[in-house]
Structures are given as C-alpha cells and as structure tokens.
Amino acid sequence: MGGSLVNWAMRMAKAELSTALPRRWVHTIGVTRRAAGLGRMLGDDAELIEAAAALHDVGYAPRLATTGFHPLDGARFLRDEHGADERLVRLVANHSFALLEAEERGLQEELAAEFPLLEEPLLVDALVYCDMTTTPDGRRTAAQDRVAEIVGRYGADSVVGRFIRRAATEIFSSVERIEAALAAQPR
C-alpha cells in the first residue's frame, strides 16, 4: 500500500471497524487491496483511491451512524472530525452510486448538496470496481455475483435491495470500463 494518506486511512478504518464490525473490516481490507492493484493505471491518484477504498464503509461504524446511511455518515465524519481532503470525502460520500440509495432513503438532496459527485469518472469507476468486485469476506468476485449477494443479504424489497437493483447496470458499466482500462495497460 501507498504512503501516508493510505496509512492514515487504514488506521482510521481499523479503529472504527475492526472491533465493532469485523466482517466489514475484512471487506474493507479486500477493497483496499483491489485499489492497490490499480496504481499504474491511476498514476498520481493511486493513493487517493486506496485511501477512499479504506474509508468507503467507515460510516457503518456504530458511533458514526447518525443517519443510518453510511456514505453520508462516513463523509461527514471525515470532513467534520478530520478535515479530510475534499476529493476523498466526495468519493466516500458517493461510492458505488450512493446517490441512488440516498434517493430511496429521502436523502438525495442532502447528499448532493453537501457532497457533489466528483467529476472525475475514472476515479468514481475505480472505487465502484474495487467495492463491487470484493465480497463481504474480502475475496474477489464478479460484479454480478456481488450484486446478487447484496440483494440476497438485504432482501429484494429492502431499501438496499431496491437501490442495488436500480444501480446494477451502472455498476456493471463502471466495472467493465475499469477492466478494459486494466487490459489496455502495458505489461
């Protein structure tokens, strides 16, 4: 893993997740490892994506879960308690098409106003790829299997189930774009 930003992010995620939510912590480790594999493709932004991967689910931590919507809770924590880099905070707030879930929860305007989507499609896609190709147990998986696992875990008619089914096409497209970019990298 990269430099000081990544180390800080991993320490923060570990402090918030490892004891309270050990399975979420294992997922986080797997997502961060996926991000580390994108370094050559992302160049100067490699460390940013690793840090975002490490922190993408920090809002699940019980002490941070004020709205119950982890992207918003995590981004507020990073912004308000740590003054984290705006790009990092916006990636966490909007990871894996969170705006669609925010709509299901009645939080779309709030999320969009506080944390506009980062207008850097490669970075947005990279974080989606890392999250949506990693199982809850930190292993690699296909995005289609990950979406099916989420629907199965939460139920098709739950807020998360409805959101993930709506986001599936966009998730698959993001993953395909990153896989194509990785395939195009010189070996």
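Below: a short report on this structure. (Residues numbered from 1 in each chain as written. Predicted model: local features only at pLDDT ≥ 70, side-chain atom pairs only at ≥ 80, totals over all residues. Heavy atoms only, no water.)

### Quick notes on the overall build of the protein chain
So, step 1. The helix and strand inventory of the protein chain stands at 11 helices and zero strands.
So, step 2. From first element to last, N terminus to C terminus, the protein chain shows the α and β order α-α-α-α-α-α-α-α-α-α-α.
So, step 3. Taken over the C-alpha atoms alone, the protein chain extends approximately 45 × 35 × 30 Å along its principal axes.
So, step 4. A buried classification covers 49% of the 187 residues belonging to the protein chain.
So, step 5. The contacts in the protein chain between residues at least 6 apart in sequence include a share of 67% that link residues at least 24 apart.
So, step 6. A total of about 8,600 Å² of accessible surface is found on the protein chain, and carbon and sulfur atoms cover 51% of it.
So, step 7. The distance from the centre of the 22 positive side-chain charges to the centre of the 28 negative ones in the protein chain is 6 Å. (Helix = DSSP H or I, 4+ residues; strand = E, 2+ residues; numbered from the N terminus. Buried < 20%, exposed > 50% of the residue type's maximum accessible area, 1.4 Å probe, protein only. Contact = heavy atoms within 4.5 Å. Areas by Shrake-Rupley, 256 points an atom, 1.4 Å probe, with all protein chains shown as cover. Lys, Arg positive; Asp, Glu negative; His and termini not counted. Charge placed at Lys NZ, Arg CZ, Asp CG, Glu CD.)

### Let's talk about the packing of aromatic side chains
So, step 1. Under the definition given, this model contains zero aromatic pairs.
So, step 2. In this structure, Arg24 packs its charged tip against the face of Tyr60, placed 3.7 Å from the ring centre. (Phe/Tyr/Trp six-rings, centres within 6.5 Å; stacked < 30°, edge-to-face > 60°. Lys NZ or Arg CZ within 6 Å of the ring centre and 35° of its normal.)

### Brief notes about the nonpolar core
So, step 1. Of all hydrophobic cores here, the largest spans 62 residues; its most connected members are Leu55, Leu91 and Ile171.
So, step 2. If we ignore the near neighbours within four places in the chain, the residues touching Leu55 are Trp8, Ala9, Met12, Ala13, Leu78, Leu88 and Val92. (Core = buried A, V, L, I, M, F, W, Y, C linked by side-chain atoms within 4.5 Å.)

### Focus on the side chain of His56
So, step 1. With respect to the helices, strands and loops of the structure, His56 is situated in the loop between α4 (46–55) and α5 (70–82).
So, step 2. Judged by relative accessible area, His56 falls into the buried class, the value being 0%.
So, step 3. Polar side-chain contacts of His56 include one of 3.2 Å to the side chain of His27.
So, step 4. Setting aside residues no more than four positions away along its own chain, His56 makes contact with His27, Thr28, Val31, His70, Val92, His95 and Asp131. (Polar contact = N/O pair within 3.5 Å; in protein donor to acceptor, adjacent residues only side chain to side chain.)

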